[in-house]
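So you can see what is in the structure, the chains are spelled out below.
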Amino acid sequence: MSYESILYEQSDHVLRITLNRPDKLNALTETMLQELQHAFAAAAADRGMRAVLLTGSGKGFCPGQDLANAQEIGQPGKPGYGEHIRRNYNPLILAMTKLPKPIVAAINGVAAGSGMSLAMACDLRIASEKASFVQAFVNIGLVPDSGSTWFLPRLIGQQRAAEMMLTGRKLSASEALEWGLVNQVVSPELLLDEATKIAERYASAPTFAIGRLKRNIDYAASHSLEETLALEAASQAECGASADHQEGMRAFMEKRTPVYQGE
Ligand code: T3D
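Residues numbered from 1 in each chain as written. Predicted model: local features only at pLDDT ≥ 70, side-chain atom pairs only at ≥ 80, totals over all residues. Heavy atoms only, no water.

**Looking at helix H10 (residues 225–240)**
Definition in use: A run of DSSP states H or I qualifies as a helix once it reaches four residues; a run of E qualifies as a strand once it reaches two. Both are numbered from the N-terminal end. Given a helix with a known number of residues, its expected span is that number minus one, times 1.5 Å. Any two residues having at least one pair of non-hydrogen atoms within 4.5 Å are treated as being in contact.
For H10, built from 16 residues, the straight-helix expectation of 22 Å at 1.5 Å per residue is met to within 8% by its first-to-last C-alpha distance of 22 Å. In this structure, the buried residues of H10 make contact with helix H9 (207–220) and helix H11 (243–253).

**Concerning the site of the ligand**
This is how it is decided: A cutoff of 4 Å decides nearness: a residue is near a molecule or strand if any of its heavy atoms lies inside that distance of it. Polar contacts, as counted here, are pairs of nitrogen or oxygen atoms within 3.5 Å of one another; within protein the pair requires one atom able to donate a hydrogen and one able to accept it, and residues that are adjacent in sequence qualify only if both atoms are side-chain atoms. To measure how exposed things are, a 1.4 Å probe is used in the Shrake-Rupley method; for residues, cover is taken only from the protein chains shown. Side-chain classes follow a simple rule in which Ala, Val, Leu, Ile, Met, Phe, Trp, Tyr, Cys and Pro form the nonpolar group, Asp, Glu, Lys and Arg form the charged group, and the remainder, Gly included, forms the polar group.
As a structural note, the neighbourhood of the ligand is formed by 21 residues, with Pro63, Gln65, Leu67, His84 and Ser114 the closest of them. In this structure, Pro63 approaches the ligand through a main-chain N or O atom, which is 2.9 Å from a nitrogen atom. For the ligand, a nitrogen atom lies 2.9 Å from a polar atom in the backbone of Gln65. Here the ligand loses 63% of its free accessible area of 1,000 Å² to cover by the protein chains. Of all the secondary-structure elements, those providing two or more residues to the shell around the ligand are helix H2 (67–70), helix H3 (81–98) and strand E5 (110–112). Partitioned by chemical class, the residues of the shell around the ligand number 13 nonpolar, five polar and three charged.

**Quick notes on a nonpolar patch on the surface**
For clarity, the threshold we go by: Patch definition: residues above 30% relative accessible area lacking any salt bridge, with like charges linked at up to 9 Å and the nonpolar side chains Val, Leu, Ile, Met, Phe, Trp and Tyr linked at up to 5 Å. In what follows, salt bridge is the name for a side-chain nitrogen of Lys or Arg lying within 4 Å of a carboxyl oxygen of Asp or Glu.
Among the surface-exposed residues, Leu67, Tyr81, Ile140 and Leu142 lie close enough to one another that they form a single nonpolar patch of about 360 Å² accessible area. In this fold, Ile140 is placed in the loop between strand E7 (132–134) and helix H5 (148–156).

**Quick notes on H9**
Counted only if it meets this: Only protein chains enter the calculation, and the probe is 1.4 Å; a residue is then buried if its accessible area is under 20% of its type maximum, exposed if over 50%, and partly exposed in between.
Spanning 14 residues, H9 covers 20 Å between terminal C-alpha atoms, matching the ideal 20 Å at 1.5 Å per step. Within the sequence span of H9, burial applies to Thr207, Ile210, Gly211, Lys214 and Asn216. Where H9 is buried, its residues contact H3, strand E4 (103–107), helix H8 (191–203), H10 and H11.

**Focus on the pattern of salt bridges**
One pass over the full model with this rule turns up 15 salt bridges. A salt bridge links Arg16 to Glu9; the shortest N-O distance between them is 3.6 Å. Two residues, Glu163 and Arg169, come together in a salt bridge whose shortest N-O distance is 3.2 Å. Arg169 gets classed as partly exposed once you look at its relative accessible area, which sits at 28%. Overlapping salt bridges bring together Glu30, Glu83, Arg86 and Arg87 as one network.

**Focus: the nonpolar core**
Across soluble globular proteins, nonpolar side chains show a tendency to be buried alongside one another. Stated precisely, the cut-off is as follows: Throughout this description, the term nonpolar core refers to a set of buried Ala, Val, Leu, Ile, Met, Phe, Trp, Tyr and Cys residues connected via side-chain atoms within 4.5 Å.
In this structure, Ile107 and Phe133 are the most contacted members of the largest nonpolar core, which totals 50 residues. For this core, the element with the highest residue contribution is helix H1 (residues 30–45), accounting for seven residues. Excluding anything up to four places from it in sequence, Ile107 contacts Phe61, Ala119, Arg125, Ile126, Ala127, Ser128, Ala131, Phe133, Val182 and Leu191. Listed in part, the 13 residues of the second largest apolar core include Ile126, Leu191, Ile198 and Ala203.

What follows is the structure in structure tokens.
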């Protein structure tokens, strides 16, 4: 598949999506956001793709909305900020969080504004020592969007999230690890190899169960214990009938490594 602002590369069961405007630190344009929506829809539809790796080319991961490009937003005949976000950002964030396959972010450089939201919409975050994180919105008189107010307090707690959002200060990769924003920090040279290894591990995992697991974590965040218990039981019934579970049980009894097909 060929796109203008992203790279879409498949290898075995892993899909690598690379934000590809390196001269702009991979700042987001409407074209790029539409291409990302398309790429995640394609990942959802392709049963052969069992894990996604999201990274940026060049020295940045993503500094959020391209601010040069944003000058046009709200001009006569162009959608305003609210419409731009509803049309371009919100469906992308939902496509990522609802994708029934794991998404690993390889954060190679600065992740700011909605670029940080993209990183937070992933399931695992592996950061380069050169990565940094900025809730940049307040610095230009905007509020956090693209799910930042939903993701950030859940990842690092209310107090630290408020600090990042209110001050707009830059968090280093090591601070992000200490605060629980990223899972791992590695040297820049090792970032892609390490993140790819993790994505490959997930690409041979029981994808059927992982899809439900993602959904259930998301559901539990805004439902009662009773409701969550009910969904867990229903999901377990589905997983119990899956080919992956049968294989997992057989492999356990036969004392061998399971070979999951993701179904
Ligand atoms: O617009 C709407 O519809 C509302 C939706 C908004 C969603 C959002 O994401 S709002 C938040 C937008 N993002 C920002 O406000 C971040 C702005 N950038 C920064 O704060 C800093 O540049 C960074 C913290 C990202 C990186 O700092 P640093 O010191 O490492 O690099 P730098 O020198 O500031 O930037 C390097 C270049 O990238 C520079 O260009 P130049 O001078 O080399 O030609 C800078 O202008 C450019 N750049 C950085 N961020 C953006 C950008 N160009 C366009 N858009 C950007 N977001």
